[in-house]
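# Observations on the three-dimensional arrangement
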Amino acid sequence: MTRPKTHVTGPVLAALTLMALSVGCVKRAEIIAVMPDGKVELVTFFNGDKDDVLGGSDPARPAGDPPPSAAAGWVVNSKDGKDGDKEKTTVAATMSLNAGAAIPTTYADPNSAVASAATRFNTQIAIEERDNGTYYHFKRTYLRRRWAPFEFHRKQILESDNIKKLMENDPKTMSPADRKVVVDAMVAVETEQQIELLDMAISRVGNGVPQLAQLAATQQIREFTSQAGLGEKIMETLMSSNGAEDAPELEAKLHARIDAAVAKALTDAGTDHSIANATVEALQAARMEFQVSKDLEDDSWDVQVVLPGKVVAHNGSDEPETIEASDLDEPENKDSDDPTSKAAFVLAGKLRPFVDSPGLQNVSWSFKFDALQDRDVVLMASSFVPKK
């Protein structure tokens, strides 16, 4: 989908209408508006499959990246809908901040289980007074998600010609021999990815895990995932009519037993109990981060900053656009039940006094999750208001 140019109300809402047509992914629209006095208005929209949007905020759903929540200080409105047999939801959230106040670095409720694994973004806004006027500097950094080690093993194992061809088929139509080949490949990927996560956990704990203990824990993971019966359980899940519902429970049990095996292997190899426990906790945290990253695979971001005056430098996707009074008008077909409309109109009212003086311009960026794989995404823009 070509990213539409965005102003604050009409065009933004048109973009969100297009976003609502997408199935099986989450579309995010984020607006950061800096007022001449340094106050900041934040508006965020999430739209997509209900499980994807709410996964990070509902313990009963698969782990995912959380949307904004009231517990994290946002004013939140939402609306559910349907796209065929798919449950869809739209979440709109706003936050008003005084000049110099800390800007949220994540949408997660700080007390939630997924808080440490959620997407993080650091935002800096600086106002620089000079003899000839005032500069407004904006910088927002979306922190990288570690991805390459896990993708390497997936590609190495699952993208061989034989496996790729087999996985195009419904497991129910495969021969028992072909199903075993596929299941063995899936177990092999899971094994290597869990070892990568263990390596990450040990590196976070520090130097308290001896090399022999690390190797013992690694070997324990390999032995556990190769034990008799595991492949059969996975195959039963693939074949079951409730496979999609049963798979998370099977995976959770597998991970719990891996954690216990790792803890035992570390302590048996001479690692202090407290360090072994810390390693398992770090392993669980790393695993959660990876699960959230997998949930983000089909997400996309449209980000917009509104700055006073004229934008003089930026690294945005398009040239800056001047916000006119007509851009802030209420459209005739406004749906009063639409949370995106409500949020956009509130923001429009706060921007309207500054359209003529000192003027406002916006800069936009657009990226997908692959932009965050092992690299930060940094958005920057600076504007200038001359001294009268």
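Definitions and cut-offs
- Residues numbered from 1 in each chain as written.
- Predicted model: local features only at pLDDT ≥ 70, side-chain atom pairs only at ≥ 80, totals over all residues.
- Heavy atoms only, no water.
- Helix = DSSP H or I, 4+ residues; strand = E, 2+ residues; numbered from the N terminus.
- Buried < 20%, exposed > 50% of the residue type's maximum accessible area, 1.4 Å probe, protein only.
- Contact = heavy atoms within 4.5 Å.
- Axes fitted to C-alpha atoms, helices over the stretch in contact; angles between N-to-C directions.
- Parallel < 35°, antiparallel > 145°, perpendicular 65-115°, else oblique.
- Left-handed = near helix turned anticlockwise from the far one by under 90°.
- Nonpolar A, V, L, I, M, F, W, Y, C, P; charged D, E, K, R; others polar.
- Phe/Tyr/Trp six-rings, centres within 6.5 Å; stacked < 30°, edge-to-face > 60°.
- Lys NZ or Arg CZ within 6 Å of the ring centre and 35° of its normal.
- Pairing = 2+ DSSP bridges.
- Salt bridge = Lys/Arg side-chain N within 4 Å of Asp/Glu carboxyl O.

### A short note on unusual backbone geometry
In this chain, Ser 357 is followed by Pro 358 through a cis amide linkage whose omega measures 5°. Tracing the sequence through the fold places Pro 358 in the loop between helix 10 (339-351) and strand 10 (360-368).

### A few points about helix 3 (residues 148-158)
Since the α-helix advances by 3.6 residues per turn, residues separated by three or four positions end up pointing in the same direction. All of the buried residues along helix 3 are Pro 149, Phe 150, Glu 151, His 153 and Leu 158. Lining the buried residues of helix 3 we find helix 4 (161-167), helix 5 (176-205) and helix 9 (273-295).

### A short note on the packing of helix 5 against helix 9
Axis separation between helix 5 and helix 9 bottoms out at 8 Å; the angle between their running directions is 125°. The orientation of helix 5 relative to helix 9 falls into the category oblique. Handedness of the helix 5/helix 9 crossing: right-handed. Across the interface between the two elements, Gln 193, Gln 194, Leu 197, Leu 198, Met 200, Ala 201, Ile 202, Arg 204 and Val 205 from helix 5 touch Ile 275, Ala 278, Thr 279, Ala 282, Leu 283, Ala 286, Arg 287, Glu 289 and Phe 290 from helix 9. Here the contact of helix 5 with helix 9 is built from residues that sort into 12 nonpolar, three polar and three charged.

### Concerning the packing of aromatic side chains
Evaluated as defined, the whole model comprises 11 aromatic pairs. Arranged with centres 6.0 Å apart and planes meeting at 40°, the rings of Phe 138 and Trp 365 form a pair that is tilted. Taken as a pair, Phe 138 in strand 6 (residues 133-142) and Trp 365 in strand 10 lie far apart in primary sequence, 227 residues in all. The pair formed by Phe 138 and Trp 365 is uniform in burial state, with each residue classed as buried. Where Trp 147 meets Phe 369, the ring centres are 5.3 Å apart and the plane angle is 80°; that geometry is what we call edge-to-face. A residue pair is termed long-range when its members are at least 10 positions apart, and Trp 147 in the loop between strand 6 and helix 3 and Phe 369 in the loop between strand 10 and strand 11 (377-386) qualify at 222 residues. Each of the two residues, Trp 147 as well as Phe 369, counts as buried. Chaining the aromatic ring pairs together yields one cluster made of Phe 46, Trp 74, Tyr 107, Phe 121, Tyr 142, Trp 301 and Phe 367. Against the face of Tyr 135 rests Arg 130, its NZ or CZ located 4.4 Å from the ring centre.

### Things to note about the sheet that holds strand 10
The strand order 3-4-2-1-7-10-9 describes an open sheet built from seven strands, whose pairing is mixed. The sheet terminates laterally at strand 3 (75-83) and strand 9 (321-322), the two strands that pair on one side only. Direction of pairing for strand 1 (residues 26-34) relative to strand 7 (residues 300-308): parallel, over a ladder of seven bridges. Across the sheet, residue Lys 27 finds its bridge partner in strand 7, namely Ser 300. Strands in contact with helix 10 are strand 1, strand 2 (40-49), strand 3, strand 4 (86-97), strand 7 and strand 10; relative to strand 4, the strand with the most contacts, it is inclined by about 20°.

### Observations regarding the pattern of salt bridges
Summed over all chains, the structure comprises 16 salt bridges. With its nearest N and O atoms 2.8 Å apart, the salt bridge here joins Asp 65 to Arg 28. Of this pair, Asp 65 sits in the loop between helix 2 (50-54) and strand 3 while Arg 28 is found in strand 1, placing the two residues 37 residues apart along the sequence. The burial state of Asp 65 is the same as that of Arg 28; both residues are buried. A salt bridge links Glu 41 to Lys 350; the nearest nitrogen and oxygen atoms lie 3.2 Å apart. Taken as a pair, Glu 41 in strand 2 and Lys 350 in helix 10 lie far apart in primary sequence, 309 residues in all. Taking the relative accessible area as the measure of exposure, Lys 350 reaches 33% and is therefore partly exposed.

Keep in mind these values describe shape, not function.
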